[in-house]
Structure formats: C-alpha cells, structure tokens
Amino acid sequence: MRTAKDFFTPLAVGAPAPLREIPARPSRAIHFFDPSNAKMAAKIPDMVGTVDVLLGNLEDAVKAENKEAARHGLVEIATNTDFGPTQLWTRVNALDSPWVLDDLTTLVTEIGHKLDVIMVPKVQGAEDIHYVDRLLAQLEAKAKLERPILVHAILETARGVANIEEICGASPRMHGLSLGPADLAADRRMKTTRVGGGHPGYLVRQDPTGGDIDADRPTYQQDLWHYTIARMVDACAMHGIYAHYGPFGDIADVVACEDQFRNAYLLGCVGAWSLHPKQIAIAKKVFSPSVEDVEHARRVVAAMGDGTGAVMLDGKMEDDASTKQCLVMVELAERLAAVDPELKAQYDAIEA
Ligand SMILES: CC(=O)SCCNC(=O)CCNC(=O)[C@H](O)C(C)(C)COP(=O)(O)OP(=O)(O)OC[C@H]1O[C@@H](n2cnc3c(N)ncnc32)[C@H](O)[C@@H]1OP(=O)(O)O
Ligand SMILES: O=CC(=O)O
Ligand SMILES: [Mg+2]
C-alpha cells in the first residue's frame, strides 16, 4: 500500500506529476467508435464539438482479426484530428488479453499527448490499476508527456464490484467508473441476455386484496441495476471521481434508453456511453440539468444568502442541506454551459 506521503509521487523518473484533483470536465456522452471500421472512422472528425467524449474502442465489439487495424486506425485519427473541446478517450483490451500491452505502448508513445483518459475493462481489484499505473508512468516518461493520462475502470465483474472502493482509491489517475452491465451480468450468472436496461421478469406484485390470490394484481418492473449503480456512485463520490452508466444495447428503444440514463443521472452519475449516434442527443439531454431545475436551484441559492438557516420558498422549507443540493445543480449547469453554447443560451435566458 502506498502511504499518503508518496501517493502523489510519480511512478517513473520523468513522468508527469499526478493530479491532486480530477477536473470535472463534462462526459455526458462517451461516444464509442471502432477505428477499424472505415465508415465509422470517417465520421469522427465531423463529430468533434458535438459530443463531450469520443472514445476509440479497441476491446469487445472489435473483431479479433481487426485489433491491430483498430489500434493503428486510432493513431491515425488522433494524429490527423484537432479535437478542440472534445476529449479523446480509448478503451484498451482487457489486461489478460494478448493485445493490451501493444495497445498501451503504441497509444501512449504515439498519441499520448492527445489522449485524456484510458478506459480499462474488466478491472478486478486495485492490483489491476497498480499495473496500469506504473506502466503508464514509464511510457509517459518515455514519450516526455507533460500531463498524466487518466484511468477509467469498467465495473463488470463480481470481484470488481466487491473491490469497488479499493479500485477507486488505487491511484491518483483514477478518473471514474462505468457500469458494464453485459459482462457483469455474465460474470454474476444473472439471467438477462440484454445489454443494459431492465427486464420484465424482475418485478414486484401488489398484495392480494381481501386474500384473493387469483384476482388480477398489478406488477411493477424493478431496476436490475439499481444496487450496482448506487454502489458505484458512493465509491466514486468518496474518492472524488465520476460515476457513469455504460451501454444501452437496444438502439431502437430510445425511450427506455432515456429512462435508464435518467435513473443513473438522478442517482449521481455524470454520463453514459453512446453506441450509436442517435444516443448522443439522449445522453446530452438527460445529463444536463433542465432549465426548470436550474431556475429553481438558483432561486433557492439566492434566497438562502450565506447558505445557513431556513427559509420558506413556494411553500417548502429550504435550508443549508437543500442549498447544497441546489449548488450541485447550479455548478453542473455552469460547467456544461462553458462547453455547450446551446445549453448556455437556455440557462442565460432564465430570468434572475
Ligand atoms: C457491451 C459493450 O462492450 S458496449 C461497447 C462496445 N460496442 C460498441 O462500441 C458498438 C458501437 N456501435 C456499433 O458498432 C454500431 O452502431 C452498431 C453495430 C450498433 C449499429 O451499426 P449499424 O447497423 O451500421 O447502424 P446504422 O445503420 O443505424 O448506422 C447509421 C450510420 O451511422 C454510422 N454509425 C453507426 N454507429 C456509429 C458510431 N458508433 N459512431 C459513428 N458512426 C456510427 C454508420 O456507419 C452509418 O453510417 P452511414 O449512414 O454513412 O451508412
Ligand atoms: O463493456 C460493457 C459491458 O456492458 O460489458
Ligand atoms: Mg464489457
């Protein structure tokens, strides 16, 4: 275990100093693309500025025979594209795969100066983060990078969930977590074959009235992912890093996708993955506070003055704690407005 004294010491001579705080850059939609797919890759330069994060995916969903083409495709896209305000992330192959070492060495030495975050799949415990942490420091030193590349872990194994707090605190590079519902379902032996989203069989049924168990009774579908998302949010908040919902595989069902994203947003997540261009707008909408919420939050903050005491507003009690809730909303709106002119115009139009 690294002590508090050396937690922020670079892990290789010449590597950049680790960050003391992870910047809250917007990551409402982390848009996945396969750099070995020529049609998809050609669209990426035009997507700059339309999404918070573009992620070149090298892991699952890239065919084994295309792994090297995907890696080289990402180097080419990164080299030839000015990403402006959009972050560039990658998802490397799993740590037990034959590809990950080449993924990391190639990407950090050739395009490390353009990469903001490396997503690491199937993280099982702190030992996986420690391995990546040291290797990245060595590669950063070799490439003479001036800022550290951050690490984002996918929560998609039962062991990863059991070790969630130690994963989040394993390195000052930790940017956040994403839920990986497909791999996690398989690893836990859950009986859903869907990539994220609910299941109609996971429900509660209303009690019988008058003891009549044969009468029709309403059922209420429950959220399969509530427990894991809630754990993820607490572990991330505890370590000052960011929780994200992951993929929603039913691309056509934009309504259920929005519902799943909104549940994650309400619980404390800051973003989700988009697998198809049509999911970008959903994530941007859901993970941006509504104009009504920002308006209300600003009124509470203004009414509370120095933030202490209690006032009545619209018939409701507001106090120090509800002011903090409102500040979460106001500060998020300010950060998003700084990168999203359309949203800025909507928030600016709110009457003081
Ligand atoms: C469980 C996990 O690990 S989830 C993460 C891994 N999975 C992924 O990354 C999947 C990424 N997405 C995809 O592979 C594709 O979107 C698919 C397979 C889901 C659907 O692909 P298609 O059937 O081609 O979708 P569709 O026909 O609607 O595409 C419309 C257009 O958008 C393009 N497009 C589709 N997905 C993307 C994308 N992610 N990024 C950029 N462009 C895309 C297509 O190339 C197509 O272009 P065209 O109009 O010039 O022909
Ligand atoms: O990688 C994502 C998942 O759901 O598995
Ligand atoms: Mg996965």
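Procedures and definitions
Residues numbered from 1 in each chain as written. Chains lettered and ligands numbered in written order. Predicted model: local features only at pLDDT ≥ 70, side-chain atom pairs only at ≥ 80, totals over all residues. Helix = DSSP H or I, 4+ residues; strand = E, 2+ residues; numbered from the N terminus. Rg over C-alpha atoms; globule rule 2.2 N^0.38 Å. Buried ≥ 20, exposed ≤ 12 C-beta atoms within 10 Å, placed from the backbone. Contact = placed C-beta atoms within 7 Å. Axes fitted to C-alpha atoms, helices over the stretch in contact; angles between N-to-C directions. Left-handed = near helix turned anticlockwise from the far one by under 90°. Nonpolar A, V, L, I, M, F, W, Y, C, P; charged D, E, K, R; others polar. Near = placed C-beta within 6 Å. UniProt positions renumbered as here; feature names shortened; annotations may be inferred. Core = buried A, V, L, I, M, F, W, Y, C linked by C-beta atoms within 7 Å. Pairing = 2+ DSSP bridges. Arc of directions from axis to C-beta.

*Asks:* When you look at the overall build of the chain in this model, what are you seeing that I'm missing?
*Replies:* Secondary structure assignment for the chain yields 13 helices and twelve strands. For a compact globule of 352 residues, the expected C-alpha radius of gyration is about 20 Å, and the chain comes in at 22 Å, within 12% of that figure. Sorting the 352 residues of the chain into buried and exposed places 40% on the buried side. Sequence-distant contacts, at least 24 apart, represent 72% of the contacts inside the chain between residues at least 6 apart.

*Asks:* In this structure, what is going on with the packing of helix H9 (residues 254–267) against helix H10 (residues 278–286)? I would like to understand it.
*Replies:* Angle between the axes and distance between the axes: these two values describe a pair of packed helices. Look at H9 against H10: their axes get within 9 Å of each other, and the N-to-C directions meet at 35 degrees. Crossing hand, H9 versus H10: right-handed. In contact with Val254, Cys257, Glu258, Phe261, Arg262 and Tyr265 of H9, H10 contributes Lys278, Gln279, Ile282, Ala283 and Val286. Residue classes in the contact of H9 with H10 are distributed as seven nonpolar, one polar and three charged.

*Asks:* Please clarify how the site of ligand 1 should be interpreted in this entry.
*Replies:* Near ligand 1, the surroundings consist of 16 residues, among which Phe32, Ala61, Ala182, Pro247 and His276 are the closest. Taken together, the elements giving at least two residues each to the shell around ligand 1 come down to strand E1 (29–33) and helix H1 (38–47). Tallying contributions element by element places H1 first for the shell around ligand 1, with three residues. Within the shell around ligand 1, the residues separate by chemical class into ten nonpolar, two polar and four charged.

*Asks:* What should I look at first to understand the environment of His296 in this one?
*Replies:* Secondary-structure assignment places His296 in helix H11 (residues 291–303). Overall, the presence of 17 C-beta atoms within 10 Å leaves His296 in the partly exposed class. Counting along the chain gives 142 residues from His296 to Ile154, while the straight-line C-alpha distance between them is 35 Å.

*Asks:* Looking at this structure, I do not really get the UniProt feature "binding site: substrate" (unreviewed entry) in the chain. What am I missing?
*Replies:* In the numbering used here, UniProt assigns the feature "binding site: substrate" (unreviewed entry) to Arg91 and Glu156. A maximum C-alpha distance of 13.8 Å among these annotated residues, which run over 66 residues, shows that they cluster at one spot. The exposure class assigned to Arg91 is buried, which follows from the 25 C-beta atoms found within 10 Å. Setting aside anything within four residues of it in sequence, one finds Arg91 in contact with Leu55, Asn57, Leu58, Glu59, Met119 and Pro121. Within the element layout of this structure, Glu156 appears in the loop between strand E5 (150–155) and helix H5 (158–162). The exposure class assigned to Glu156 is buried, which follows from the 27 C-beta atoms found within 10 Å. Residues contacting Glu156, with those up to four places away along its chain left out, are Pro121, Lys122, Gly180, Asp183, Leu184 and Asp187.

*Asks:* What's the story with the site of ligand 2 in this structure? I'm lost.
*Replies:* Around ligand 2, the neighbouring residues are Asp60, Ile154, Glu156, Gly180, Pro181, Ala182, Asp183, Val195, Gly246 and Pro247. Here the element with the most residues in the shell around ligand 2 is helix H7 (residues 181–188); it accounts for three residues.

*Asks:* Can you help me understand unusual backbone geometry in this one?
*Replies:* One non-glycine residue with positive phi stands out, namely Lys122, at about 50 degrees. Looking at the element boundaries, Lys122 is found in the loop between strand E4 (117–120) and helix H4 (126–142). Of note, Lys144 is a non-glycine position whose phi angle comes to about 55 degrees, a positive value. Structurally, Lys144 is set in the loop between H4 and E5. For Lys144, a count of 12 C-beta atoms within 10 Å translates into the label exposed.

*Asks:* Please explain the nonpolar core as it appears in this structure.
*Replies:* Side chains of nonpolar character tend, in soluble globular proteins, to be buried together. Val120, Ala153, Leu155, Met232 and Phe261 are the most contacted members of the largest nonpolar core, which totals 75 residues. The contact partners of Phe261, leaving out residues within four places of it in the chain, are Tyr245, Ala272, Ile282, Ala283 and Val286. Of all hydrophobic cores here, the second largest spans eight residues; its members include Val300, Met304, Leu336 and Leu343.

*Asks:* Is there a simple way to think about the sheet that holds strand E3 (residues 87–91) in this case?
*Replies:* Paired through backbone hydrogen bonds, the strands of a sheet run either parallel or antiparallel to each other. Overall, parallel pairing links the eight strands, which are arranged E9-E6-E5-E4-E3-E2-E1-E10 in an open sheet. Bordering the open sheet on either side are strand E9 (242–244) and strand E10 (272–274), each of which pairs with just one other strand. Neighbour-to-neighbour, the strand axes of the sheet open up by a mean angle of 25 degrees, direction not taken into account. Bridge count for strand E6 (residues 174–179) against E9 is three bridges, and the pairing is parallel.

*Asks:* Honestly, H7 in this entry has me stumped. Any pointers?
*Replies:* Because the α-helix completes a turn every 3.6 residues, residues three or four places apart line up on one side. Inspection of H7 places Pro181, Leu184 and Ala185 among the buried residues, and these make up the whole buried set. Take H7 and look down its axis: the buried residues cluster within an arc of 100 degrees, on one side only. Of the residues trailing H7, Arg189 is marked for its positive phi of about 60 degrees.

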